[in-house]
Amino acid sequence: RGSTSANYVLAQFAGRLVLKTYHCLCSGHDLGSVGSKAVRSARLSTVTGHESSRAFVSTVAGQEACTSLLVKACYDLTGLDGMTHGSFTFAEVRPITGRTHQIRVHLASLGRPLVSDAIYNSQAFATNSRWCPQLFLQCSRVTLRDMDGELRCAEAPLSPDLIRALGMLRRNSVLA
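What counts, and where the lines are drawn
- Residues numbered from 1 in each chain as written.
- Predicted model: local features only at pLDDT ≥ 70, side-chain atom pairs only at ≥ 80, totals over all residues.
- Heavy atoms only, no water.
- Helix = DSSP H or I, 4+ residues; strand = E, 2+ residues; numbered from the N terminus.
- Rg over C-alpha atoms; globule rule 2.2 N^0.38 Å.
- Buried < 20%, exposed > 50% of the residue type's maximum accessible area, 1.4 Å probe, protein only.
- Contact = heavy atoms within 4.5 Å.
- Salt bridge = Lys/Arg side-chain N within 4 Å of Asp/Glu carboxyl O.
- Core = buried A, V, L, I, M, F, W, Y, C linked by side-chain atoms within 4.5 Å.

### A word on the overall build of the protein chain
- Each helix and strand counted, the protein chain has four helices and eight strands in total.
- A globule of 176 residues ought to have a C-alpha radius of gyration of about 16 Å, and the protein chain, at 18 Å, matches this closely.
- Taken along its principal axes, the extent of the C-alpha atoms in the protein chain is 60 × 35 × 30 Å.
- Across the 176 residues in the protein chain, those meeting the buried criterion constitute 39%.
- Long-range pairs, those at least 24 residues apart, make up 65% of the contacts in the protein chain with a sequence separation of at least 6.

### A short note on the pattern of salt bridges
- The tally for this structure, following the rule as stated, stands at six salt bridges.
- A salt bridge links Asp117 to Arg104; the shortest N-O distance between them is 2.7 Å. On the criterion of sequence distance, the pair formed by Asp117 in the loop between helix H2 (102–109) and helix H3 (122–131) and Arg104 in helix H2 is long-range, its members being 13 residues apart.
- A residue is classified by how much of its surface remains accessible, and Asp117, at 1% relative accessible area, is buried.

### A word on H2
- With six of its eight residues buried, H2 lies for the most part within the structure.
- Among the residues of H2, Gln102, Ile103, Arg104, Val105, His106 and Leu107 are the ones counted as buried.
- The first or second residue beyond H2 is Gly111, which carries a positive phi of 80°.

### Focus on the nonpolar core
- Membership of the largest hydrophobic core comes to 15 residues, with the highest contact counts inside it found for Leu25, Trp131 and Phe136.
- Listed by contribution, the elements that provide at least two residues to this core are strand E4 (63–78), strand E5 (84–95) and helix H4 (160–167).
- Look past the residues within four positions of Phe136 in its chain and what remains in contact with it is His23, Cys24, Leu25, Phe90, Leu114, Val115, Leu158, Leu162, Ala165 and Leu166.
- Formed by twelve residues, the second largest nonpolar core is a distinct cluster that contains Cys26, Val71, Ala91 and Ile103.

### Thoughts on the environment of Ser58
- Tracing the backbone shows Ser58 in the loop between strand E3 (53–57) and E4.
- When sequence neighbours within four positions are dropped, the list of residues in contact with Ser58 reads Arg43 and Ser45.

### Re unusual backbone geometry
- Even without being a glycine, Arg16 presents a positive backbone phi close to 55°.
- Phi at His101 takes a positive value of approximately 55°, unusual for a residue other than glycine.
- Note that His101 resides in the loop between E5 and H2.
- Classification of His101 as partly exposed rests on a relative accessible area of 22%.

Below you can see the structure in the form of structure tokens.
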């Protein structure tokens, strides 16, 4: 911290020059069919509590936040009874701004909260956490410039827990 290279990286984050790509699984298919793109833009306000923070969409206060979304796949959770017990959308999301809980709040405000989100999807958390033991949101790619101005990209595959969670679902061929 405080080194020239650290300050250079921090300045890229502050200037919104770092590109971040996340993958997430949210409840419902209403985000569109595979290949659908959307942009969610809304003001977000944050309330900081004793041990945690919570953000919410605000029409009068807060900072502008913008998130782009690409639907990658649609899934159903089918029980042993053969009935569908939930529909889900696997998406690639890119925060254009960087606000607290931005992706989580934007999707929840669309009525499509993330799977296993104890804060913004608390009513389904107990059920979701049985088959997906962690919040289904993972940064999969970060791109920034090195000190020579060259683009550098760091990528990470989905964690084993998230891969197992996707394996519990059935791909919906109607929306694919």
